[in-house]
Amino acid sequence: MHEKSHPTLAYRPDIDGLRAIAVSSVVLYHAFPSYLPGGFAGVDVFFVISGFLISSIIFKGLANGSFSLRVFYERRVRRIFPSLLLVLISSVLFGWFVLSPDAYSRLGKHTAGGASFVANFLLWNEAGYFDVSAHRKPLLHLWSLGIEEQFYLIWPVFALSVWRWLPRQRGSALVLLLLASFALNILLKDHNPEAAFYLPLTRFWELLVGALLAFHGQVRKPSFLARRASPVLLSVVGLGLLLAAFTLIDNRKSFPGWWAVMPVIGTATIILAGTRSSV
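Definitions and cut-offs
Residues numbered from 1 in each chain as written. Predicted model: local features only at pLDDT ≥ 70, side-chain atom pairs only at ≥ 80, totals over all residues. Heavy atoms only, no water. Helix = DSSP H or I, 4+ residues; strand = E, 2+ residues; numbered from the N terminus. Buried < 20%, exposed > 50% of the residue type's maximum accessible area, 1.4 Å probe, protein only. Contact = heavy atoms within 4.5 Å. Areas by Shrake-Rupley, 256 points an atom, 1.4 Å probe, with all protein chains shown as cover. Salt bridge = Lys/Arg side-chain N within 4 Å of Asp/Glu carboxyl O. Phe/Tyr/Trp six-rings, centres within 6.5 Å; stacked < 30°, edge-to-face > 60°. Core = buried A, V, L, I, M, F, W, Y, C linked by side-chain atoms within 4.5 Å. Expected span 1.5 Å × (residues − 1). Axes fitted to C-alpha atoms, helices over the stretch in contact; angles between N-to-C directions. Parallel < 35°, antiparallel > 145°, perpendicular 65-115°, else oblique. Left-handed = near helix turned anticlockwise from the far one by under 90°. Nonpolar A, V, L, I, M, F, W, Y, C, P; charged D, E, K, R; others polar.

A few points about the overall build of the protein
Tallying secondary structure elements over the protein gives 12 helices and zero strands in all. Reading the protein from its N end, one meets helices and strands in the order α-α-α-α-α-α-α-α-α-α-α-α. Here the protein holds 279 residues, and 47% of them are scored as buried. Look at the contacts in the protein between residues 6 or more apart in sequence, and 77% of them connect residues 24 or more apart. Carbon and sulfur atoms make up 67% of the accessible area of the protein, which totals about 14100 Å².

Below, the structure written as structure tokens:
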């Protein structure tokens, strides 16, 4: 049986620029939190980018009949595991020399959680992301990878099912899922902020914003806003929202909640502008 081809996307230098902004903001936050108090929102930038890129591949494959769940998951494993294993092994070796016995024992648990993509659940049951002890966890950052991979386990199956069985409600189903996730995020942010921060269902809406952009780009074709609005204006507005998020948000805010809308919409606006913008 001939293996179905896996669709690819055209290179987007603007998205590489967004990745650079996201990485820099998170690194600067951890190195100099007082200078960039909201830099941790760079993770939210990544969620939107990831949702957009992966969903673009899924929708393109569904549209031309070439999408395969098996091929999709195989490619995710080949893309993630080499780098992940390097990080895990390096952290374990380095931790042997610099960590206390208790800290090294915790690192072992986090290593297992990172390898199985459940680090966010482990960290949810421990100290919060902004506690002092959290900054002494070498694999703290793997919580976001866990959420992404949990999304990739569910989203392709959901998209494939809707594509086959609800052809007229594809966009509506995506929007309803996005709104449900966002509503859960709002409900939990005050009553259980650690759960709102770490649980996948309260974060999926950020990836689904990217998926919605991909849906309109691959299926519905460019939206009215993308066709009529100035790409430069869209980029400037998006960058302004990101700068506002990195400087106005801090660890005292109830996050994600409504505050996460700022970096999410800022990222979405820049992606919408695309390579047509000179910014």
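Digging into unusual backbone geometry
Of the consecutive residues Phe-255 and Pro-256, the connecting peptide bond is found in the cis state with omega at 10°. By secondary structure assignment, the location of Pro-256 is in the loop between helix H11 (231-248) and helix H12 (261-273). The phi dihedral of Phe-117 falls on the positive side, at around 60°, and the residue is not glycine. Take Phe-117: it is sitting in the loop between helix H4 (101-115) and helix H5 (119-124). The exposure class assigned to Phe-117 is buried, which follows from its relative accessible area of 16%.

Things to note about the pattern of salt bridges
The tally for this structure, following the rule as stated, stands at nine salt bridges. Among the salt bridges present, the one from Lys-189 reaches Asp-190, with a minimum N-O distance of 3.0 Å. The class for Lys-189 is buried, based on a relative accessible area of 14%. Where Arg-203 meets Glu-206, a salt bridge forms, and the shortest distance between an N and an O atom there is 3.0 Å. Arg-203 gets classed as buried once you look at its relative accessible area, which sits at 1%. Judged by its relative accessible area of 0%, Glu-206 is buried.

Some remarks on the packing of aromatic side chains
The final tally for this structure, using the stated rule, is 21 aromatic pairs. Arranged with centres 5.5 Å apart and planes meeting at 75°, the rings of Phe-59 and Phe-215 form a pair that is edge-to-face. Of this pair, Phe-59 sits in helix H2 (residues 42-64) while Phe-215 sits in helix H9 (residues 204-218), placing them 156 residues apart in sequence. The buried category is assigned to Phe-59, whose relative accessible area is 4%. With relative accessibility at 3%, the residue Phe-215 sits in the buried group. Taking 5.3 Å as the distance between ring centres and 70° as the angle between the ring planes, the aromatic pair formed by Phe-151 and Phe-204 counts as edge-to-face.

What to know about the nonpolar core
In terms of nonpolar packing, the biggest core is built from 56 residues, with Ile-58, Phe-59, Leu-62, Trp-143 and Trp-155 touching the most fellow members. Listed by contribution, the elements that provide at least two residues to this core are helix H1 (13-31), H2, helix H6 (142-165), helix H7 (170-191), helix H8 (193-198), H9, H11 and H12. It is H2 that contributes the most residues to this core, 11 residues altogether. Membership of the second largest hydrophobic core comes to nine residues, among which are Ile-80, Phe-117, Ala-119 and Leu-139.

Quick word on H12
For H12, spanning 13 residues, the distance from its first C-alpha to its last is 18 Å, which sits close to the expected 18 Å at 1.5 Å a residue. Within H12, 10 of the 13 residues are buried, which leaves the element mostly enclosed by the surrounding structure. Every buried residue of H12 is accounted for by Met-262, Pro-263, Val-264, Gly-266, Thr-267, Ala-268, Thr-269, Ile-270, Ile-271 and Ala-273. A positive backbone phi angle near 65° is found at Gly-274, which sits one or two residues after H12.

What to know about the packing of H11 against H12
Each pair of packed helices can be summarised by the angle the axes make with each other and by the distance between the axes. Look at H11 against H12: their axes get within 8 Å of each other, and the N-to-C directions meet at 155°. What the angle tells us is that H11 and H12 run roughly antiparallel. Seen along the crossing, H11 lies across H12 with a hand that is left-handed. Here H11 contributes Pro-231, Leu-234, Ser-235, Gly-238, Leu-239, Leu-241, Leu-242, Ala-244 and Ala-245 to the contact with H12, which in turn contributes Met-262, Pro-263, Ile-265, Gly-266, Thr-267, Thr-269, Ile-270, Leu-272 and Ala-273. Of the residues that constitute the contact of H11 with H12, the class distribution is 13 nonpolar, five polar and no charged.

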